[in-house]
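Structure assessment
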Amino acid sequence: MRRIARAKANQMTRPVSPVPSIQTLDQITEEERQEILKFVETEQTEGEVIDETTIKRIVLNFEKRCLKNREMRIKFPDAPEKFMESEVELHEILQEMRVLATAPDYYPLLVKLHVIPSLLELLSHDNTDVAVGTIELLQEMSDVDILHESEEGAEALMDSLLEHQVIALLVQNLDRLDENVKEESDGVHNTLAIIENLTELRPEICNESVKQGLLQWLLRRLKVKSPFDANKLYASELLSILLQDNNQNRVALGEMDGIDTLLQQLAFYKRHDPSNAEEHELMENLFNALCSALMATPNRDKFLKGEGLQLMNLMLREKKTSRNGSLKVLDYAMSGPHGRDNCNKFVDILGLRTIFPLFMKTPRKNRKKVLSAEEHEEHVASIIASMLRNCRGSQRQRLISKFTENDHEKVDRLMELHFKYLEKVEALDSLFNDENEDEDSIYLKRLEGGLFTLQLVDYIIVEICAAGPASIKQRVSHILNLRGSPLKTIRHIMREYAGNLGEEGDKEWRDQEQQHILHLVDKF
């Protein structure tokens, strides 16, 4: 079939002109100049004008060829040469229909003409070339930029596609496409593009696609031991989108052993850096998906049992690019009341030896588009604060004794970070004095501008001053006096922090945490 199609395509192309095609502007005739101007103005020369009549003609043609192909296949099931021509014609009309994607205003008409169910039927056509041609057409029609041109058209197309179970049909079709064939590999890429387009316009499709088996397919695709390719990257991107702000999908991922799959895929980057920018993006997507997944409580336990902590700890020691992502994952795994087991286990696997060197010195060698120094310091401070909050018994003692080592060098570093972020926040506060914004948005901007890290650092200060030996508190007071900074600055920051505790954990935990912080402040 491909050979016949190629032969027809070759016949249709015009013979190459012996005259070189590149001419200078001086050589262009007045007529050609007008033609170019006309093309620039209308962007459609000599081509067919898309109107209602044209669309009806194309659709009628399409329906005729679908019917003819179906009849020929039923009539001669064992003689492909008999129905081959009808298949080529069907493929040709699918190519011709791509012009419909340029006229989203007419999508309601297409829906009225019942084209969508006929197209979706072709997804399960025995000839994968026809299915791939259909996918290509649907991908162009559902392109987000095109759909934004016509709200009415977008609504009509989306409603019709969803009504006819587009996601289920696309996912079923994915299983039969062979990615070793270039055209079918492109078909997989375009299928993922259609699903991404639909989720962007209707976020609720994220849940629907998971019910239809997309999540399982994505995890299987990531596991395929093949050289890195564009489809693997796209699969990781779509996985990351499905888990974003969607607890239902995060829980579903955990139930499919998705945490193990993500850890296995990331294990490769423990000792290898990604070979190019695209592979770097794949690694980032996997880390983001894992961070999202860890926001669902049941997955924290799966991460612990799957030895996720050990893998992240090794990544931190190896000093490869993956160190940035592993730091972020540890922060997610250990935060809040559900991070207790992970915090205690991290101390048991000698994680303190890994995290404190990173606390003492922010690595300079942070390669292309990875964590900034501020993000690095925020994650490290957050991990230490989570351990102080969650560790008990001997693990807690080992953690606090770290701050007295080497003549309290870690307390000195804490105070250095305290003043660094205090200056940032004060500089930001001076800008807000004139603005009439509401308190919540100002508070969010202050958090982003350094207040969040400052709160974490000050939380560590009041916690170790209360729980550690007296020498820690003396050292803190000594440094504050040297800089002429009063204790009440830290108290004020901590009170504000207690008053704005986030959503994590239940109300009872938040109340306890608030009381605990205020008690530490009074002691301080």
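Residues numbered from 1 in each chain as written. Predicted model: local features only at pLDDT ≥ 70, side-chain atom pairs only at ≥ 80, totals over all residues. Heavy atoms only, no water.

**With respect to the overall build of the protein chain**
If you tally the helices and strands in the protein chain, you get 29 helices and zero strands. In the protein chain, which comprises 524 residues, the share counted as buried stands at 48%. In the protein chain, once contacts between residues fewer than 6 apart in sequence are set aside, the share between residues at least 24 apart is 76%. (Helix = DSSP H or I, 4+ residues; strand = E, 2+ residues; numbered from the N terminus. Buried < 20%, exposed > 50% of the residue type's maximum accessible area, 1.4 Å probe, protein only. Contact = heavy atoms within 4.5 Å.)

**A look at the side chain of Thr-453**
Examined against the element boundaries, Thr-453 turns out to sit in helix α26 (residues 439-467). Its relative accessible area of 4% is what places Thr-453 among the buried residues. With near-sequence residues (within four places) excluded, Thr-453 lies in contact with Glu-377, Glu-378 and Tyr-421.

**So, unusual backbone geometry**
A positive phi angle is found at Gln-165, which is not glycine, with a value near 55°. One can find Gln-165 in the loop between α9 (151-163) and α10 (166-174). Classification of Gln-165 as partly exposed rests on a relative accessible area of 42%. Phi is positive for Lys-319, which is not a glycine, with a value near 60°. As for its position among the elements, Lys-319 is in the loop between α19 (308-318) and α20 (322-334). Here Lys-319 falls in the exposed class, since its relative accessible area comes to 54%.

**Brief notes about the confidence of the model for the protein chain**
Where the model shows low pLDDT, its predicted coordinates should not be examined in detail. In this model, the protein chain carries an average pLDDT of 86, and 89% of its residues clear a pLDDT of 70 or more. pLDDT under 50 marks residues 14-22. Its contacts with residues more than four places away, or in other chains, come to zero contacts. (pLDDT = per-residue confidence, 0-100.)

**Things to note about the pattern of salt bridges**
The full count for this structure, using the stated rule, is 31 salt bridges. A salt bridge links Lys-420 to Glu-377, with the shortest nitrogen-to-oxygen separation between them at 2.8 Å. Here the residue Lys-420 occupies a position in helix α25 (residues 405-432), and Glu-377 occupies one in helix α23 (residues 373-390), the gap between them amounting to 43 residues. In this structure, Arg-413 engages Glu-416 in a salt bridge whose closest nitrogen and oxygen atoms are separated by 2.9 Å. With Arg-413 and Glu-416 both in helix α25, this residue pair falls three residues apart, about one helical turn. Ionic contacts of the salt-bridge type, sharing partners, join the residues Glu-377, Arg-413, Glu-416 and Lys-420 into one network. (Salt bridge = Lys/Arg side-chain N within 4 Å of Asp/Glu carboxyl O.)

**Things to note about the environment of Val-59**
Locating Val-59 in the fold gives a position in helix α3 (residues 52-75). As a C-alpha pair, Val-59 and His-114 span 55 residues in sequence and 9.3 Å in three-dimensional space. Non-local contacts of Val-59, meaning those with residues more than four positions away in its chain, are made with Leu-110, Leu-113 and Val-115.

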